[in-house]
Amino acid sequence: MATEKSPQQQLFDAVFVKCRELTSNTFDYLPCDGTQYPFVFVGEQFNDDRPFKGIMGGQLTQQVHIYGLKSKRRTASDLADDICSALRSIHKTTHFYFTNTALSTRVLLDTTTQTPLIHTVISAEYNFI
């Protein structure tokens, strides 16, 4: 049984903390109806381990979703910009070093609720050792 957190969990935790510092409306699940906008959902993660000379390393992609009111697009956009800056600043966790190698943002219209929303998806790629 592992006694320390995996690099995947350490990165997730670091991303979650960075987002939580920017807004208390940060979740590791999609919250129920009635949650105040904007909110952040730290979501999917993709992992590609690449051991190198006996050292665990690889690449991780962490997705962060921001849901905001279409009528207040600027608020959601500013939050997305702040989160992107925060994600670029993640370099080290307890046992791993991370390098942000790419960051992409998609802004989508979301019509799954009665209220028109802006859904921003940030994909942050990291190499780790």
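Residues numbered from 1 in each chain as written. Predicted model: local features only at pLDDT ≥ 70, side-chain atom pairs only at ≥ 80, totals over all residues. Heavy atoms only, no water.

### Observations regarding the overall build of the protein chain
Consideration 1: Within the protein chain, the regular secondary structure consists of two helices and five strands.
Consideration 2: The dimensions of the protein chain, computed from C-alpha atoms along their principal axes, are 55 × 30 × 25 Å.
Consideration 3: For the protein chain, the residues scored as buried account for 42% of the 129 residues in total.
Consideration 4: Contacts in the protein chain between residues at least 24 apart in sequence constitute 59% of all its contacts with a sequence separation of at least 6.
Consideration 5: Between the centroid of the 12 positive side chains of the protein chain and the centroid of its 13 negative side chains there is a distance of 5 Å. (Helix = DSSP H or I, 4+ residues; strand = E, 2+ residues; numbered from the N terminus. Buried < 20%, exposed > 50% of the residue type's maximum accessible area, 1.4 Å probe, protein only. Contact = heavy atoms within 4.5 Å. Lys, Arg positive; Asp, Glu negative; His and termini not counted. Charge placed at Lys NZ, Arg CZ, Asp CG, Glu CD.)

### A look at the sheet that holds strand β2 (residues 39–49)
Consideration 1: Strand order in this open sheet of five strands is β1-β2-β3-β5-β4, and the pairing throughout is mixed. Across the chains shown, the open sheet's two edge strands, defined by having one partner strand only, are β1 (26–27) and β4 (98–110).
Consideration 2: Note that β2 and strand β3 (residues 58–69) share nine bridges and pair antiparallel. Residue Asp 48 lies in a different strand from β3, and its bridge partner there is Gln 59.
Consideration 3: The strands touched by helix α1 (residues 7–22) within the sheet are β1, β2, β3, β4 and β5 (117–128), with β2 carrying the most contacts at an inclination of about 155 degrees. (Pairing = 2+ DSSP bridges. Axes fitted to C-alpha atoms, helices over the stretch in contact; angles between N-to-C directions.)

### What to know about helix α2 (residues 73–88)
Consideration 1: The end-to-end C-alpha distance of α2, which contains 16 residues, comes to 23 Å, matching closely the 22 Å that a straight helix rising 1.5 Å per residue would cover.
Consideration 2: Restricting attention to buried positions, one finds in α2 the residues Ala 76, Leu 79, Ala 80, Ile 83, Cys 84, Ala 86 and Leu 87. Seen along its axis, α2 keeps its buried residues to an arc of 165 degrees; they face one direction.
Consideration 3: Each element contacted by the buried residues of α2 is listed here: α1, β2, β3, β4 and β5. (Expected span 1.5 Å × (residues − 1). Arc of directions from axis to C-beta.)

### Quick word on the pairing of β4
Consideration 1: Bridge count for β4 against β5 is 12 bridges, and the pairing is antiparallel. The residue of β5 that forms the bridge with Thr 99 is Asn 127.
Consideration 2: The antiparallel hairpin formed by β4 and β5 contains six residues in its connecting segment.

### What about unusual backbone geometry?
Consideration 1: Omega for the bond connecting Tyr 37 with Pro 38 falls within 30 degrees of zero, at -5 degrees, which places this linkage in the cis form.
Consideration 2: Tracing the backbone shows Pro 38 in the loop between β1 and β2.

### A closer look at the environment of Tyr 97
Consideration 1: Within the fold, Tyr 97 resides in the loop between α2 and β4.
Consideration 2: Considered as a pair, Tyr 97 and Pro 116 are 19 residues apart in the sequence and their alpha carbons are 40 Å apart.
Consideration 3: Setting aside residues no more than four positions away along its own chain, Tyr 97 makes contact with His 91, Lys 92, Asn 127, Phe 128 and Ile 129.

### A short note on α1
Consideration 1: For α1, built from 16 residues, the straight-helix expectation of 22 Å at 1.5 Å per residue is met to within 8% by its first-to-last C-alpha distance of 23 Å.
Consideration 2: The set of residues buried in α1 consists of Pro 7, Gln 8, Gln 10, Leu 11, Phe 12, Ala 14, Val 15, Phe 16 and Cys 19.
Consideration 3: In the core, the buried residues of α1 are packed alongside β1, β2, β3, α2, β4 and β5.

### A few points about the pattern of salt bridges
Consideration 1: On inspection of all chains with the given rule, the structure shows three salt bridges.
Consideration 2: Between Lys 5 and Asp 13 there is a salt bridge whose closest N-O contact spans 2.6 Å.
Consideration 3: Relative accessible area serves as the criterion here: at 47%, Lys 5 is assigned to the partly exposed category.
Consideration 4: A relative accessible area of 21% means that Asp 13 is categorised as partly exposed.
Consideration 5: The partner of Asp 48 in a salt bridge is Arg 50, with the nearest N and O atoms 2.7 Å apart.
Consideration 6: Assessed through its relative accessible area of 34%, Asp 48 is described here as partly exposed. (Salt bridge = Lys/Arg side-chain N within 4 Å of Asp/Glu carboxyl O.)

By themselves, these figures tell us nothing about what the structure is for.
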